[in-house]
Amino acid sequence: CNLILSQNKKMHQAEFLKGKALYFLGDVAGATKCFEKLKQKIPEHVESRIWYIRSLLAEKNYEKAASVLRQEIVLNETDWRLYYLDALLAEKTENYEKQLSALKYAEKAFADGSKIFLDLSKLWFYLGIDSKASEYLQKAQSFSEVNVEQQIILDTYKNLLENKES
């Protein structure tokens with residue numbers, strides 16, 4: 001990435017890739033700087049803005065992440081990923097009412113996301129409302145048939161829920 005960037009400073013995809021590499025290699029602060037720079041340089045690049053928020057969450061900079069998320073949701077209220085990030089933020093700050101609300105918005109924006117349904121199911125389970133947990137688990141299962149890894153997680157959670165009901 002650095003070689004490409006040194007030859008052409010306008011290669012924002014290479015800079016984006018560099019930010020993701022930094023993130024996954026554990027240099028979250030470096031990734032945050034990279035995504036923030038991209039966000040300023042190319043404000044219309046939605047992926048950079050989403051990864052900027054992810055990086056802020058990973059850095060536990062919840063106040064800044066909340067501020068950026070509010071701006072992003074105003075700009076793009078149909079992107080389920082923003083509501084999902086908002087739910088992650090709420091989970092990190094133990095605001096389960098906000099988490100539930102954000103996941104419900106994500107559900108509306110992306111009605112066939114098994115991850116959203118699974119998280120809603122888990123949240124209802126933790127809140128002790130097993131009927132809702134089962135309902136959302138059922139939804140998650142119907143959308144996860146193509147994803148083997150997701151199916152393993154679902155099966156594990158299904159066993160946990162069934163054992164609780166027994």
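Being a predicted model, the structure only gives us computed values, none of them experimental.

1. Considerations on the overall build of the protein chain
Across its full length, the protein chain carries 10 helices and 0 strands. Helices and strands in the protein chain line up, N terminus first, as α-α-α-α-α-α-α-α-α-α. Put simply, the protein chain has 166 residues, and 40% of those count as buried. In the protein chain, the proportion of contacts linking residues at least 24 apart, taken out of those at least 6 apart, comes to 44%. Accessible area for the protein chain stands at about 9800 Å²; split by element, carbon and sulfur atoms hold 53% of it.

2. Regarding helix α3 (residues 28-41)
Under the 1.5 Å per step criterion, the end-to-end length of α3 is 20 Å for 14 residues, consistent within 8% with the ideal 20 Å. Tucked into the core, α3 has its buried residues touching α2 (12-24) and α4 (46-58).

3. With respect to the confidence of the model for the protein chain
Taken over all residues, the pLDDT of the protein chain has a mean of 85, while the share at 70 or more is 85%. The secondary structure element of the protein chain with the lowest average pLDDT is helix α1 (residues 2-7), at 48, and the one with the highest is α4, at 96.

4. Regarding the nonpolar core
Counting residues in each nonpolar core, the largest one holds 41 residues, and the members touching the most others are Ile53, Leu69, Leu103 and Leu120. Broken down by element, the residue count for this core peaks at 7 residues, all from helix α8 (residues 114-126). In this structure, leucine 120 is in contact with Leu100, Leu103, Lys104, Glu107 and Tyr136, ignoring residues within four places of it in sequence.

5. Some remarks on the packing of helix α7 (residues 96-109) against α8
Relative to each other, α7 and α8 sit at 150 degrees, their axes nearing to 10 Å. Taken together, the axes of α7 and α8 lie roughly antiparallel to each other. Considering only the axes of α7 and α8, their crossing is left-handed. Taken together, the residues of α8 that come into contact with α7 (itself represented by Tyr96, Gln99, Leu100, Leu103, Lys104, Ala106 and Glu107) are Ile116, Phe117, Asp119, Leu120, Leu123 and Trp124. Among the residues making up the contact of α7 with α8, the classes are represented as 9 nonpolar, 1 polar and 3 charged.

6. Description of the environment of leucine 85
Structurally, the position occupied by leucine 85 is in helix α6 (residues 80-92). Residues leucine 85 and isoleucine 50, 35 residues apart in the sequence, show an inter-C-alpha distance of 8.4 Å. Among residues more than four places away in sequence, those in contact with leucine 85 are Ile50, Ile53, Arg54, Leu57 and Leu69.

7. A word on the pattern of salt bridges
Counted under the stated rule, the structure contains 11 salt bridges. Close ionic contact of lysine 104 with glutamate 107 constitutes a salt bridge, the shortest N to O distance being 3.2 Å. Placement of both lysine 104 and glutamate 107 in helix α7 is noted, with a separation of 3 residues, approximately one turn of the helix. Residue classification places glutamate 107 among the buried positions, given a relative accessible area of 11%. A salt bridge links lysine 139 to glutamate 135, with the nearest nitrogen and oxygen atoms 4.0 Å apart. Residue lysine 139 and its partner glutamate 135 are both found in helix α9 (residues 130-143); the two are separated by 4 residues, about one turn of the helix. Residue lysine 139 is classed as partly exposed on the basis of its relative accessible area, which comes to 26%. With relative accessibility at 35%, the residue glutamate 135 sits in the partly exposed group. Residues joined by salt bridges that share partners form a network here, namely Lys104, Glu107, Lys132, Glu135 and Lys139.

How each quantity is defined
- Residues numbered from 1 in each chain as written.
- Predicted model: local features only at pLDDT ≥ 70, side-chain atom pairs only at ≥ 80, totals over all residues.
- Heavy atoms only, no water.
- Helix = DSSP H or I, 4+ residues; strand = E, 2+ residues; numbered from the N terminus.
- Buried < 20%, exposed > 50% of the residue type's maximum accessible area, 1.4 Å probe, protein only.
- Contact = heavy atoms within 4.5 Å.
- Areas by Shrake-Rupley, 256 points an atom, 1.4 Å probe, with all protein chains shown as cover.
- Expected span 1.5 Å × (residues − 1).
- pLDDT = per-residue confidence, 0-100.
- Core = buried A, V, L, I, M, F, W, Y, C linked by side-chain atoms within 4.5 Å.
- Axes fitted to C-alpha atoms, helices over the stretch in contact; angles between N-to-C directions.
- Parallel < 35°, antiparallel > 145°, perpendicular 65-115°, else oblique.
- Left-handed = near helix turned anticlockwise from the far one by under 90°.
- Nonpolar A, V, L, I, M, F, W, Y, C, P; charged D, E, K, R; others polar.
- Salt bridge = Lys/Arg side-chain N within 4 Å of Asp/Glu carboxyl O.

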